[in-house]
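In case you want the letters, here they are:
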Amino acid sequence: INGERYLMRAGDCCLIRPADCHCLEVATPEGNPFLNVNFMVKPAFFERVTQVFDPSLLPEILQIRAPLGFSVSTVTLSEIEKTCLYIQKPVTQPARADVMVCMAMVTKLISECLQSHFSEAHNAYPAWLQNFILLLHDPTNFQKNLSELTVGIPYSYSYIQRQFREYLGTPIVAYRNSVKMASAKNLVTNTQMSVSEIAFYLGFDSVAHLNHLFRKAYGHSPLELRRASHR
């Protein structure tokens, strides 16, 4: 990457930006199996994901010279494998379902990369809080309630709420809604999903609830934004 060599082992990932000059060479002994998985995303999608963390983050990501490497857990490796198998299955579902599965996986990987390199405050959080924040950003958890997401944390829910607000300066529900609204905006402007489908995907009990939060966040309803983006 950019003239330097790096050895990647199982679980190692790297964010390759448009200006990075890179190539991949096999370093395993002959006959040793290996698997390299690439996810390619459009710049506009990547920008929307970074804005969830910090609106001014993208220029820093593009300018830093060091490679943006990070590692994922064996659990995430298993999820990547399942995602790849899912999208290579015989066509039995609409292509949109495959796109949603890929978007969820890519969003999670980008989140882990950004938190690893650019969030000093995040690295100062307790380990349980870091993991909990990742769960809130994972689209596969959007339909789960907060009690399900906190089941593995060895503290009472009231304590979790207090610590979350102390570290992040906002209630859990408000933070989670902001993450969901960023995802909703992406789905509204880049897919043909209906508003009711988006509401269900994000775990809202009604379209009205989604419309209320969306208008509060962006000043327009989802349909108004879709019509404006397609002009």
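Values in this document were obtained by computation on a predicted structure and should not be read as measured data.

*Asks:* Looking at this model, I keep getting lost on the nonpolar core. Mind explaining?
*Replies:* Most often, soluble globular proteins keep nonpolar side chains buried together rather than apart. Grouped together as the largest cluster of nonpolar side chains are 52 residues, with contacts concentrated most on Ile-61, Phe-132, Phe-164, Ile-198, Leu-202 and Leu-210. At nine residues, helix H4 (residues 95–118) tops the list of elements feeding residues into this core. Once residues lying within four places of it in the same chain are set aside, the contact partners of Phe-132 are Leu-146, Leu-149, Thr-150, Ile-153, Ile-160, Phe-164 and Ile-172.

*Asks:* What should I look at first to understand the environment of Ser-221 in this one?
*Replies:* Structurally, Ser-221 can be placed in the loop between helix H11 (207–218) and helix H12 (222–229). Owing to a relative accessible area of 11%, Ser-221 belongs among the buried residues under this scheme. If we skip the residues at most four places from it in the chain, Ser-221 touches Phe-214 and Arg-215.

*Asks:* Looking at this structure, I do not really get unusual backbone geometry. What am I missing?
*Replies:* Positive phi outside glycine occurs at Asn-2, with the angle close to 50°. Take Asn-2: it is sitting in the segment before strand E1 (12–15).

*Asks:* Explain empty space enclosed by the protein here, please?
*Replies:* Empty space left among the atoms is revealed by rolling a probe the size of a water molecule over them. Per the stated rule, a full pass over the model turns up one cavity of 30 Å³ or more. A volume near 230 Å³ is recorded for the largest cavity. Among the elements of the structure, helix H1 (43–53), H4 and helix H9 (172–190) are those that each provide at least two residues to the lining of the largest cavity.

*Asks:* Which parts of the structure should I look at to understand the side chain of Arg-17?
*Replies:* Position of Arg-17 relative to the elements: it lies in the loop between E1 and H1. Dropping the residues within four chain positions of it, Arg-17 is found in contact with Asn-2, Ile-61, Leu-62, Ile-64, Arg-65, Ala-66, Pro-67 and Leu-68.

*Asks:* I tried to follow the layout of surface pockets on my own but got confused; where do I start?
*Replies:* Of the voids in this model, the largest pocket is the one considered here, and its volume is about 2,000 Å³. As for the largest pocket, its lining consists of 48 residues, and the residues nearest its centre are Met-8, Cys-14, Asn-36, Val-37 and Asn-38. Looking at the lining of the largest pocket, the elements that each hand over two or more residues are E1, H1, helix H2 (57–63), strand E2 (68–71), helix H3 (74–87) and H4. The dominant element in the lining of the largest pocket, judged by the number of residues it contributes, is E1, at four residues. Taken together, the residues of the lining of the largest pocket sort by class into 33 nonpolar, seven polar and eight charged. Space inside the second largest pocket adds up to approximately 490 Å³. Lining the second largest pocket are 22 residues, with Gln-51, Val-52, Phe-53, Asp-54 and Tyr-175 positioned closest to its centre. Of all the elements in the fold, those that place two or more residues in the lining of the second largest pocket are H1, H4, helix H6 (127–137) and H9.

Criteria and thresholds
- Residues numbered from 1 in each chain as written.
- Predicted model: local features only at pLDDT ≥ 70, side-chain atom pairs only at ≥ 80, totals over all residues.
- Heavy atoms only, no water.
- Core = buried A, V, L, I, M, F, W, Y, C linked by side-chain atoms within 4.5 Å.
- Buried < 20%, exposed > 50% of the residue type's maximum accessible area, 1.4 Å probe, protein only.
- Helix = DSSP H or I, 4+ residues; strand = E, 2+ residues; numbered from the N terminus.
- Contact = heavy atoms within 4.5 Å.
- 1 Å grid on protein atoms, 1.4 Å probe; cavity = no way out; pocket = protein on both sides within 12 Å on 5 of 7 lines; lining within 4 Å.
- Points joined across faces, edges and corners; volume = space filled by probe spheres on them.
- Nonpolar A, V, L, I, M, F, W, Y, C, P; charged D, E, K, R; others polar.

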